[in-house]
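Reading the structure
Next come the chains, spelled out residue by residue.
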Amino acid sequence: MSINLKTIYAFAREMYPKKSIERIQYGTAGFRGNADFLDSVMFRMGVLATLRSRVLGGSVVGVMITASHNPEPDNGVKLIDPKGEMLDTNWEVIATELANVSDQELEEQVAKIISENNIDVSAQSNVYVGMDNRYHSPRLLKAVSDGVIALKGNVKEYGIVTTPMMHYFVVATNSKGAYGQATEEGYYNKLITAFEKIRGNKLENGKYRNYLLFDGANGVGARKMLQFIKRMHKSLNVEVFNKGDGKINHECGADYVKVQQRCPVNIPVTDANVRCVSVDGDADRVVYFFTDNDGIFRLLDGDRIATLVANYLMDLVKSCELELSMGLIQTAYANGASTNYMVNKLKVPVSCVSTGVKHLHHKALEFDIGIYFEANGHGTIIFSNKAKQSITKAAGLGNESAKTFLLVIDIINETVGDAISDIFLVETILHSKGWDVNEWLACYDDLPNLQLKIKVRDRNVITTADAERVCLTPVGLQEQINNIVLNYNKGRSFVRPSGTEDVVRVYAEAATQGEAECLAHDIGILVQKMAGGIEPNLVHPNKSLQAHF
């Protein structure tokens, strides 16, 4: 098979010319930005995915078109490696270079990638492409597919799917069906079968009630949950809201609920203590919430899900009489109270890594059972081959807990954080324990916290170390952060640059909500002064007090 690289330039010049000279960077979430400027990026990522597949012997590489929790005008793209992981770090650099060269330099850049990675351009290449339900996604999907075709690769379009579904399809194909059937029906069937076998005919237990309000963020997750409901035998009574009649992520979705700490729009006023759940635009994040007897909003975020899962899996391991290592992976955003609960109450080791799924996933592989969740609700559980073999052996010997454990593993999408899979897991655990939301909430008391986004001229002036908990530059910023934190009871704060936009993210927690808000604004004002902040300037919540610097 001969390939003429001039075809790539011809495609780019005629159909997908580069419209922006602004440099973009492949970050933890791939490329993201206003959809009007992404056509050329999508075409080039189709080219890159084809080359990546050839490097890996023709294994399927996935491409997902989504901007996740971003506003509807945005879109993005991320590549999925054969085992369901995020794109290899070295290839993130290659992706960034390829996306930024001019159209005239594109042919030469592709030739350079082929040469430096010893790619046999005549080898087989297989690329799967999926998209979320944004109105511009079909146009961008065509651009990706044309990029694959330009290099004579094989492309399969899955249409509108969740990001976790794309990861599942890639792994199912590359495992030759061992992980599941690489179809939408195969995905539904695997999760529903395991969930309903564990649940059985007893749909309520103790204080657990079989009723859930689901906020679909007007994204693809709503569509897919409705498909699950059609296929389930009323084993989970779900009522879906924000199912696509509004703007994606606008005043709804997991990120909105987590950051604003309030109910999404269109969720009806319910009785106290009714379980509610929000997913984000591409359904890879999930948070639970409810209104308590006093009418107060209560959030059960990724930290809460992680501790609930760890507690349940520990009990299963003990019931199976197995010796398996277990660890929880968190980021600096994890609430300090959750870390304390895991380490001192459950006696589970906790590791802190930099923000980004690839960092959590990699660290989780060090354990037989690696649990990773970000506070924003993105996470999953990974089981080693040793763990699966031990559990399978115990089940074969008649251990009922081990049989349940195998079904639990089937509910979990090990490839990536999967909001719907995680919901089925949480519902399974709460049903098993006979818990309502109050018993779940009572495991520990969260430290009040607040996150701020500070607009800056260049986010790269902020550099960090120690899993983003220590700020290296600008010089002197960390010292001043430390001094400010000393003024607050149980205070903790850190800053980090965004991976997708010129903002600096500030996190603060303290003993009271008022102190957390003041601490966050103290640090935010400091960042504006020392890191090139741009308007609007922060206004301190307590104007009568001087900031603590």
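If you're wondering where the values come from, they're calculated on a predicted model, not measured in any experiment. (Residues numbered from 1 in each chain as written. Predicted model: local features only at pLDDT ≥ 70, side-chain atom pairs only at ≥ 80, totals over all residues. Heavy atoms only, no water.)

Points about the overall build of the chain
- For the chain, the count of helices and strands is 18 helices and 19 strands.
- For 549 residues, the compact-globule formula gives about 24 Å, and the C-alpha radius of gyration of the chain, at 24 Å, lands near that figure.
- If one aligns the C-alpha atoms of the chain with their principal axes, the spans along those axes are about 65 × 65 × 45 Å.
- Buried positions account for 58% of the 549 residues belonging to the chain.
- Pairs at least 24 residues apart make up 71% of the contacts formed inside the chain by residues separated by at least 6 positions.
- Accessible area of the chain: about 22200 Å², with a carbon and sulfur share of 48%.
- Here the chain contributes 58 positive and 64 negative side-chain charges, whose respective centroids are spaced 2 Å apart. (Helix = DSSP H or I, 4+ residues; strand = E, 2+ residues; numbered from the N terminus. Rg over C-alpha atoms; globule rule 2.2 N^0.38 Å. Buried < 20%, exposed > 50% of the residue type's maximum accessible area, 1.4 Å probe, protein only. Contact = heavy atoms within 4.5 Å. Areas by Shrake-Rupley, 256 points an atom, 1.4 Å probe, with all protein chains shown as cover. Lys, Arg positive; Asp, Glu negative; His and termini not counted. Charge placed at Lys NZ, Arg CZ, Asp CG, Glu CD.)

With respect to the side chain of Lys190
- Along the chain, the position of Lys190 falls in helix H7 (residues 184–199).
- Here Lys190 occupies a buried position and makes no salt bridge, while the nearest side chain of opposite charge, Asp410, is found at 4.3 Å.
- Reaching out from Lys190, the side chain makes a polar contact with the backbone oxygen of Tyr179 at a distance of 2.7 Å.
- Leaving out residues up to four positions away in the same chain, Lys190 has contacts with Tyr168, Tyr179 and Asp410. (Salt bridge = Lys/Arg side-chain N within 4 Å of Asp/Glu carboxyl O. Polar contact = N/O pair within 3.5 Å; in protein donor to acceptor, adjacent residues only side chain to side chain.)

A short note on the domain arrangement of the chain
- For the chain, the domain assignment lists domain 1 (5–160), domain 2 (186–299), domain 3 (302–442) and domain 4 (449–531).
- The distance between the C-alpha centroids of domain 2 and domain 4 comes to 33 Å. (Domains from an automatic or database assignment.)

Some points on the UniProt feature "domain: Phosphoacetylglucosamine mutase AMG1" (unreviewed entry) in the chain
- Under the UniProt annotation, the feature "domain: Phosphoacetylglucosamine mutase AMG1" (unreviewed entry) is placed at residues 182–287 and 301–435.
- Between the C-alpha atoms that bound residues 182–287 the distance is 27 Å, and the span itself is 33% helix and 13% strand.
- In the segment residues 301–435, helix accounts for 56% and strand for 13%; the C-alpha atoms at its two ends are 17 Å apart. (UniProt positions renumbered as here; feature names shortened; annotations may be inferred.)

Some words on the pairing of strand E14 (residues 379–383)
- With 5 of its 5 residues buried, E14 lies for the most part within the structure.
- Side chains of E14 alternate between two faces, with Gly379, Ile381 and Phe383 and Thr380 and Ile382 buried alike.
- Both strand E13 (residues 369–373) and E14 contribute to a ladder of 5 bridges, which runs antiparallel. The partner of Phe373 across the bridge, within E14, is Gly379. (Pairing = 2+ DSSP bridges.)

Some details on unusual backbone geometry
- The step from Thr473 to Pro474 runs through a cis peptide bond, and the omega angle for that step is 0°.
- Turning to its location among the elements, Pro474 is positioned in the loop between strand E17 (470–473) and helix H17 (477–485).
- For the bond from Glu535 to Pro536, the omega torsion is 5°, close enough to zero to count as cis.
- Relative to the assigned elements, Pro536 resides in the segment after helix H18 (513–530).
- Of note, Lys152 is a non-glycine position whose phi angle comes to about 55°, a positive value.
- If you trace the backbone, Lys152 turns up in the loop between helix H5 (137–150) and strand E5 (154–160).
- In this structure, Glu251 is a non-glycine residue whose phi angle is positive, near 55°.

Quick notes on the side chain of Arg54
- Locating Arg54 in the fold gives a position in helix H2 (residues 39–55).
- The side chain of Arg54 is buried and forms no salt bridge, while Asp120, the nearest opposite charge, is found at 6.9 Å.

Describing helix H10 (residues 302–319)
- Along its 18 residues, H10 runs 26 Å from first to last C-alpha, staying within 8% of the 26 Å computed at 1.5 Å per residue.
- You can read the cap of H10 off the contacts: a side-chain oxygen lies 3.1 Å from the backbone nitrogen of Asp303, and it is on Asp301.
- Trailing H10 by a residue or two, Glu321 shows a phi angle of about 55°, which is positive. (Expected span 1.5 Å × (residues − 1).)

A few points about the environment of Val161
- Inspection of the secondary structure assignment puts Val161 in the loop between E5 and helix H6 (163–174).
- In the structure, Val161 is positioned 63 residues away from Lys224 in sequence and 7.8 Å away in space, judged by C-alpha atoms.

Points about empty space enclosed by the protein
- Across all of its chains, the model carries 1 cavity of 30 Å³ or more by this definition.
- The wall of the largest cavity is formed by Tyr26, Gly27, Thr28, Ala29, Gly30, Lys78, Met86, Leu87 and Glu92.
- Residues belonging to the lining of the largest cavity are distributed by class as follows: 4 nonpolar, 3 polar and 2 charged. (1 Å grid on protein atoms, 1.4 Å probe; cavity = no way out; pocket = protein on both sides within 12 Å on 5 of 7 lines; lining within 4 Å. Points joined across faces, edges and corners; volume = space filled by probe spheres on them. Nonpolar A, V, L, I, M, F, W, Y, C, P; charged D, E, K, R; others polar.)

Quick notes on the pattern of salt bridges
- Per the stated rule, a full pass over the model turns up 29 salt bridges.
- The shortest N-O distance in the salt bridge between Arg209 and Glu204 comes to 3.8 Å.
- Glu204 gets classed as partly exposed once you look at its relative accessible area, which sits at 38%.
- A salt bridge links Lys258 to Asp301; its shortest N-O distance comes to 2.7 Å.

Brief notes about the layout of surface pockets
- Approximately 960 Å³ is the volume found for the second largest pocket.
- Residue lining of the second largest pocket: 36 residues in total, with Lys83, Glu85, His361, Leu365 and Ile382 positioned closest to the centre.
- Within the residue set of the lining of the second largest pocket, elements represented by two or more residues are helix H12 (357–364), E14, helix H13 (385–396) and helix H14 (400–411).
- The biggest single contributor to the lining of the second largest pocket is H12, with 6 residues.
- Tallied by class, the residues present in the lining of the second largest pocket amount to 16 nonpolar, 10 polar and 10 charged.
- Here the lining of the second largest pocket spans two domains, since at least three of its residues come from each of domain 1 (5–160) and domain 3 (302–442).

Remarks on the packing of H2 against helix H3 (residues 89–100)
- Running from N to C, H2 and H3 cross one another at 145°; their axes reach a closest spacing of 10 Å. For the crossing formed where H2 meets H3, the hand is right-handed. Residues Arg44, Met45, Leu48, Leu51, Arg52 and Val55 of H2 form the contact with H3, whose own contacting residues are Trp91, Ile94, Ala95, Leu98, Ala99 and Asn100. (Axes fitted to C-alpha atoms, helices over the stretch in contact; angles between N-to-C directions. Left-handed = near helix turned anticlockwise from the far one by under 90°.)

Some points on the nonpolar core
- With 86 residues, the main nonpolar core has Phe228, Leu313, Ile369, Ile371, Ile381 and Phe405 as its most contacted residues.
- Ranked by residue count, the leading element in this core is H10, at 10 residues.
- Not counting the four nearest positions on each side in its chain, Phe228 is found in contact with Tyr187, Tyr188, Leu191, Ile192, Ile420 and Phe424. (Core = buried A, V, L, I, M, F, W, Y, C linked by side-chain atoms within 4.5 Å.)

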